[in-house]
Amino acid sequence: MFGRRLRGTDSPITRETGFGIGAQVYVVDSLEDPTSPFPDGPTGFVVRAGGSAWQGVSVIGGSARVWMVEFDTPQYTVDLEGPLQRVQLPERYLRLAPPVVDDF
């Protein structure tokens, strides 16, 4: 139901998506999805599961998980609301950031 936990952390990571607390993400921009609330594709990380519980939330087009995302820099929505530092977003608007490779 909740997926698995990474060893040594309290972060629930879902098997299906890889999303969880601490995941670095970016929001899809309006070119990828015209319904995206953020036109410029901001980056940030997941700070907690959104809403009041882990249950799926009913949204247009089906149900989806919601995550609380903290942005790297404050952002404005397509309706010019903001600046926003933290927002709740459905998982469908989020993508995992590519892994960083350390070259030593």
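Here the structure is shown first, and the text comes after it.
The rules we used
- Residues numbered from 1 in each chain as written.
- Predicted model: local features only at pLDDT ≥ 70, side-chain atom pairs only at ≥ 80, totals over all residues.
- Heavy atoms only, no water.
- Helix = DSSP H or I, 4+ residues; strand = E, 2+ residues; numbered from the N terminus.
- Core = buried A, V, L, I, M, F, W, Y, C linked by side-chain atoms within 4.5 Å.
- Buried < 20%, exposed > 50% of the residue type's maximum accessible area, 1.4 Å probe, protein only.
- Contact = heavy atoms within 4.5 Å.
- Pairing = 2+ DSSP bridges.
- Salt bridge = Lys/Arg side-chain N within 4 Å of Asp/Glu carboxyl O.

Student: Sorry if this is basic, but what is going on with unusual backbone geometry here?
Tutor: Peptide bonds are mostly trans, and most non-glycine residues show a negative phi. That bond from Gly82 to Pro83 is cis: its omega, 5°, falls within 30 degrees of zero. Its place among the elements puts Pro83 in the loop between β7 (66-75) and β8 (84-90).

Student: Where do I start with the nonpolar core in this structure?
Tutor: The tendency in soluble globular proteins is for nonpolar side chains to be buried side by side. Judged by nonpolar contacts, the single largest core of 15 residues is most densely connected at Val25, Val27, Phe38, Trp67, Phe71, Leu89 and Leu94. Secondary structure elements with two or more residues in this core: β3 (24-27), β4 (43-49), β7 and β8. Sort the elements by how many residues they give to this core and β7 lands first, with three residues. Not counting the four nearest positions on each side in its chain, Val27 is found in contact with Ser36, Phe38, Gly41, Pro42, Phe71, Leu89, Tyr93 and Leu94.

Student: Where do I start with the pairing of β3 in this structure?
Tutor: Regular strands place their side chains on alternate faces of the sheet. The side-chain alternation of β3 yields one buried face, formed by Val25 and Val27, and one unburied face, formed by Gln24 and Tyr26. With three bridges joining them, β3 and β4 adopt antiparallel strand pairing. Each residue of the ladder has a partner; that of Tyr26, found in β4, is Thr43. Sheet topology places β3 next to strand β9 (residues 94-96); three bridges connect them, and they run antiparallel. Within β9, the residue paired with Tyr26 across the bridge is Arg95.

Student: It is not clear to me how the pattern of salt bridges should be interpreted in this structure. Could you clarify?
Tutor: A side chain with one charge may pair with a side chain of the opposite charge, provided their charged atoms come close. Tallied over the entire structure, the rule returns three salt bridges. Glu32 is the partner of Arg95 in a salt bridge, and the nearest nitrogen-oxygen pair spans 3.1 Å. Here Glu32 lies in the loop between β3 and β4 and Arg95 lies in strand β9, a separation of 63 residues in the sequence. Between Arg92 and Asp33 there is a salt bridge; the shortest N-O distance is 3.7 Å. You can see Arg92 sitting in the loop between β8 and β9 and its partner Asp33 sitting in the loop between β3 and β4, a full 59 residues away along the chain. A relative accessible area of 15% places Asp33 in the buried class.

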